[in-house]
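Listed below are the residues making up each chain.
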Amino acid sequence: MTTTRTAAVPGLAGEILAGYGDRVHVHDLYDEAGASVYHDLAAADTSEIRELTRAVRAVPGPVLELAAGSGRLTLPLLALGREVTALELKESMVALLKERLAEAPAGIGGRCTVVQGDMSAFALGGATFAVVVLGTTSISLLDADGRAGLYAAVRAHLRPGGRFLLSTVDVDGADGDDLDLEAAGASGRRYRMIEHWRSGQEVRKVTILPPERETPQDGPVPAFTTAIRVLPPDDLTRELASAGLRVVARHTLPAASPRHTDVLLEAEAA
Ligand SMILES: C[S@@+](CC[C@H](N)C(=O)[O-])C[C@H]1O[C@@H](n2cnc3c(N)ncnc32)[C@H](O)[C@@H]1O
């Protein structure tokens, strides 16, 4: 379990959590304690699925999905009738994904191979794929070295004529207050999500905590954090080109919030 000090949480979320003193337990969103929160939110989130599956449908053949998490995109990809290899770093997420696949009809779950691995350095025994998918703007979890490793590994696993589909997010208008939203998980549980970012900062910090009215009077107050890099699509397109991956199509996705623009990029080996 990752527990950090409240002082490490910036902005509005840090101020709110400081009010709860040492009752606060801060976890990484993708660690053991956070995985169930992520999964609850992900299970209620349909963003990108339609655009991604449409782009995958256009390129027949097996699919490699990177940073698969608990399978939010994996299941819709399997529903296209493809063989899917799902790669994910965290053991807690791999376990959730395997559970979901075991619950899916055999004809679906049986077409998925789950691999625990790092998307910035993977080698899948010579296997190649028609499509490599990296959705949910997860490229922003990698630093520059990690992204260089990712591009090299993607090129090594793409078939000739294959596509690398990845989403990223542009952020603007962030010099005022922190973005403060409430979202419901698939269980009906509600979460307050606060994003802290100022123009020019490389990373935006997202903190998930219980809405004030649902915060317990006593006992632990759980909070979950993740740090997400800001990688505007134009910068990413240039970076991909210098790594030998040419962007051939770009689709703007429905807005996730007033200050975010999500974009799906389609790249091929140059
Ligand atoms: C934003 S979530 C997206 C998960 C899933 N695609 C979805 O849509 O719900 C990002 C996922 O990337 C995983 N991850 C983080 N760093 C990774 C890495 N270096 N290699 C593979 N997976 C990674 C996290 O554990 C998490 O499950």
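Conventions adopted
Residues numbered from 1 in each chain as written. Predicted model: local features only at pLDDT ≥ 70, side-chain atom pairs only at ≥ 80, totals over all residues. Heavy atoms only, no water. Near = heavy atom within 4 Å. Polar contact = N/O pair within 3.5 Å; in protein donor to acceptor, adjacent residues only side chain to side chain. Areas by Shrake-Rupley, 256 points an atom, 1.4 Å probe, with all protein chains shown as cover. Domains from an automatic or database assignment. Contact = heavy atoms within 4.5 Å. Buried area = accessible area lost by both parts, 1.4 Å probe. Salt bridge = Lys/Arg side-chain N within 4 Å of Asp/Glu carboxyl O. Helix = DSSP H or I, 4+ residues; strand = E, 2+ residues; numbered from the N terminus. Nonpolar A, V, L, I, M, F, W, Y, C, P; charged D, E, K, R; others polar.

Draft legend 1. Geometry of the site of the ligand. The full set close to the ligand counts 20 residues, and Arg72, Glu88, Asp118, Met119 and Thr136 are the nearest of them. One of the side-chain N or O atoms of Tyr38 is found 2.9 Å from an oxygen atom in the ligand. Between Glu88 and the ligand, the recorded distance is 2.6 Å, taken from a side-chain N or O atom to an oxygen atom. For the ligand, whose unbound accessible area comes to 590 Å², protein coverage reaches 94%. Composition of the shell around the ligand by domain shows at least three residues from each of domain 1 (6-42 + 172-229) and domain 2 (46-170 + 232-269).

Draft legend 2. Highlighting the domain arrangement of the chain. Domain boundaries assigned for the chain yield domain 1 (6-42 + 172-229) and domain 2 (46-170 + 232-269). Taking only C-alpha atoms, the centre of domain 1 and the centre of domain 2 are 26 Å apart. Contacts between domain 1 and domain 2 engage 22 residues on the former and 18 residues on the latter. In total, about 1,700 Å² of surface goes out of reach between domain 1 and domain 2, with carbon and sulfur atoms giving 55% of it. When residues of domain 1 are sorted by the area they lose upon contact with domain 2, Tyr30, His39 and Arg229 head the list and together hold 34% of the total. Inspection of the domain 1/domain 2 interface yields 2 salt bridges. Between Lys90 and Asp31 there is a salt bridge, with the nearest N and O atoms lying 3.0 Å from each other. For the pair domain 1 and domain 2, the number of links is 9 residue pairs in polar contact (both at pLDDT 80 or more). Mapped by element, the contributors of at least two residues to the side of domain 1 that touches domain 2 are helix H2 (32-43), strand E7 (179-184) and strand E10 (221-229). Ranked by the residues each element gives to the side of domain 1 that touches domain 2, the list is headed by H2, at 5 residues. Considered class by class, the residues forming the side of domain 1 that touches domain 2 number 10 nonpolar, 3 polar and 9 charged.

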